[in-house]
Structures are given as structure tokens and as C-alpha cells.
Amino acid sequence: MKSFMLQGAKILATGSAVPDSSLNNYQISRIVKTSDEWISTRTGIKERRILTGDNKSVVDLAVLASRKALNKASLHPSEINLIILATSSPNDLFGSASRVQSKIGAINAVAFDLTAACSGFVLGIVTATQFLQNCKYRNILLIGADVLSKWIDWSDRSTCILFGDAAGAIVIQSCSIEDNSVLDFQLDTDGDYANYLSILYQQELNPHPELNLYQGSFKYVYMNGKEVYKFAVSQVPLSILKCLNSLNIKVNDIDWLLLHQANERILMAVAEKLSINSNKIIANLNKYGNTSAASIPLALDEALQQGKISNNDIIVIAGFGAGLTWGTVVVQWKSS
Ligand code: COA
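Residues numbered from 1 in each chain as written. Predicted model: local features only at pLDDT ≥ 70, side-chain atom pairs only at ≥ 80, totals over all residues. Heavy atoms only, no water.

Student: Can you help me understand the domain arrangement of the protein in this one?
Tutor: Interface extent is often summarised as the accessible area lost during association of the parts. Split into domains, the protein comes out as domain 1 (8-179) and domain 2 (182-193 + 221-332). With 48 residues of domain 1 at the contact, the number on the domain 2 side is 39 residues. Summing both sides of the interface, domain 1 and domain 2 together bury roughly 3300 Å²; the carbon and sulfur share of this comes to 65%. At the boundary of domain 1 and domain 2, one finds 1 salt bridge. Note that Lys72 is salt-bridged to Asp301, the shortest N-O span being 2.9 Å. When residues of the side of domain 1 that touches domain 2 are traced back to their parent elements, those giving at least two are β1 (8-17), α2 (36-43), β3 (47-49), α5 (120-133), β6 (139-147) and β7 (165-175). Among the residues forming the side of domain 1 that touches domain 2, the class breakdown is 24 nonpolar, 15 polar and 9 charged. (Domains from an automatic or database assignment. Contact = heavy atoms within 4.5 Å. Buried area = accessible area lost by both parts, 1.4 Å probe. Salt bridge = Lys/Arg side-chain N within 4 Å of Asp/Glu carboxyl O. Helix = DSSP H or I, 4+ residues; strand = E, 2+ residues; numbered from the N terminus. Nonpolar A, V, L, I, M, F, W, Y, C, P; charged D, E, K, R; others polar.)

Structure follows, in C-alpha cells:
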């Protein structure tokens, strides 16, 4: 990748936001037949945050996370050239990124949504990096945000225990090639298995049969948990290894493994397959559950706040989920 790069891309700052309202495993056990013990041992999740309140949407969380990242980067919103909102739960099917642009006052920014479920943030880093490394833009705001609680069937115990709402944002800026921190990526898709994890549109009504007009609505999250688990544990290590090989980086050189926060068992199994010590895993899903496109920037922001990540640390970031889509980005952290 380096040979096509005209300049580098560097993550300047991160920010995140979660709703105030939390829902723990005991509370869930009052609405479906489950238990804290079952959920904790199978997933590692203890509680999650749920967006409540009238007219609150993914945009509110995205705006909060974005403002925090912009403040930390000491950038005025008008300096942002592009906003990418990775989400699968917009409050407008035409896209929600432009609402974020308007609310934060990023008057010079182009804004669009990127839909790739739990891989959305990884695809977002790769997309943003292209615009920076080919000199088109200087400052990009990338947000991963989801409110899957609005798309959950709260009577389905196999899915309602997993997800939570959140947003995470990063400001990523062009820099000299020497300071480039997005080293390489590996992306994959296999639509043959799209039915393992979906929120499908379903045709329902035909108000004018003579005209063949159909209307319908989106259903709830459907998931084949066993198959998704097998997919993640088999494909994510391969994706990471491909990316490391292309960079000539050894597994031992990895400082941090930052995976999409789907399930603690998936995190441990991937680390084990790669022989990465579990103390290098960044994890916070016990508090937030699976927050889809938000999970990686939320965990990154928290790890930075805890002072875990140092200058030049190698962070392997991997996302996986519906599509099926999966991908890896290797980042060398550059402190500003
Ligand atoms: N509480 C109690 N029992 C539950 C339950 C719950 N919340 N959900 C399912 N069960 C039951 C099932 O009905 C089944 O009962 P049965 O044996 O009597 O039929 C039993 O537990 C085992 O179900 P199964 O689906 O085989 O469990 P599992 O070990 O595969 O664990 C997941 C389920 C969802 C935790 C696991 O498959 C998983 O983590 N998959 C990956 C999901 C994921 O990460 N998705 C997002 C990717 S982006």
C-alpha cells in the first residue's frame, strides 16, 4: 500500500458517547427466560446502555462523540472536510451523516453514511485513509454509531441479550509519510452467508394490486448465533495474519488486539489462535455489550483515556459481522 501513498494518515483524537440508561442482565432476565449466569458465561456481557427518550436517535450519540473528538483535536468543526458516519441504524434511510454535519456546524464538510454493520468502523478507517493518503482531504471525522436496541425483538432471548447503543468518533488527519499510522488493511465480504445476520425488509401490503405496488417494513435483527460465532473465530485470525504478513510484522510485535466487541469468547478464541497473550486484548464489552459500528472506537477511546496505548504501539484492529463482512487495519499509534 505504501507505494501508492502520497501522504500519511494519522488519528489525532478520539471521542465517545453512551446513553445514560443502562440495562443489566438481571433486568433482562425479567423480560425473557435467561439469567445473568447464562449471559455472562456465554458472552462476557454484564450490562449495556440503551437510548431512551422521545426522538432520541443515533444522531444524538454521534454528535456527542464527535464534539468530544473535535475538542480533543483542537479543531473547529469548519475545518472538517469529510464526515463518514458508519451506522446500520440511521434515523433516516437516506442517511444520517448530514444531520450530524448540520448539528456540529461542520459547514465545509461533505457527509455520507457507510453501512457495513459491525465492520463499519474498519471500512470507515480504510475509506477515510484513501482520501487522506491521496491528498484529497486534510481532516476527516469518522464516526461509528449504532442504536440496535431499536431493531431488537425484545422477546427473542438469543439476540436481545447481546446489543447495546453507543457512538465513537475519531478525527483523522493527513500527515507526512513518515508519520503515517494506518499501515495496511485487509477487507473481505461473503454475501453467500448474508442470511446469518440481518435486518430484512419485508414486503407486506399491496394497496393497489392492479398496479403491482408493494409496501413493507424492516423486521428485527435475525441471527444464527452458532454460525456467526464459527465464522468470526475462523476468518478473523486469517484476516489479521494476511495483513501482518503483507507488512512483515510478526505476531509478537503486536502491542494491542482491538477486535469488534461482540463476545468475550470470540475475543479470547481469536487471541488464542494467533498466540497473542490475553493481556494485550482491549475489551470493554462487559459494560456495553455489542455496540456494532461503535464498539471499536468506543473501546479505543476508553483505552486511550486509561493511558494504555503508547507512542508507536502496534494496534491490530479487526471488525466482523453482517454481510458477512470482515476486515483488519494495522495502526501504529502516533501520540500528538
Ligand atoms: N438465555 C438462556 N438460554 C438461552 C439464551 C439466553 N439468552 N439464548 C439461547 N438459549 C438457549 C437456547 O435456546 C439453547 O437451548 P436448547 O439447547 O434447549 O435448545 C441453548 O441455550 C444453547 O443455545 P445456542 O444458540 O446453541 O447457544 P450458544 O452456545 O451458541 O450461544 C450465542 C449463543 C449467541 C452466545 C453464541 O452463539 C454467540 O456468541 N454467537 C456469536 C454472536 C455474535 O457475536 N453476533 C454478533 C456478531 S457481529
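Having seen the model, we can carry on.
Student: Would you explain the UniProt feature "active site" (unreviewed entry) in the protein in this entry?
Tutor: Look at the UniProt record and you will see "active site" (unreviewed entry) annotated at Cys118, His260 and Asn290. The largest pairwise C-alpha distance within this set of annotated residues, which runs over 173 residues, is 8.7 Å, so the set is compact in three dimensions. Tracing the sequence through the fold places Cys118 in the loop between β5 (110-114) and α5. Sequence-distant contacts of Cys118, defined by excluding residues within four places in its chain, comprise His260, Asn290, Ser292, Ala293, Gly319, Phe320 and Gly321. Looking at the element boundaries, Asn290 is found in the loop between α8 (285-288) and α9 (295-305). In this structure, Asn290 is in contact with Ile45, Cys118, Leu162, Phe163, Gly164, His260, Gln261 and Ala262, ignoring residues within four places of it in sequence. (UniProt positions renumbered as here; feature names shortened; annotations may be inferred.)

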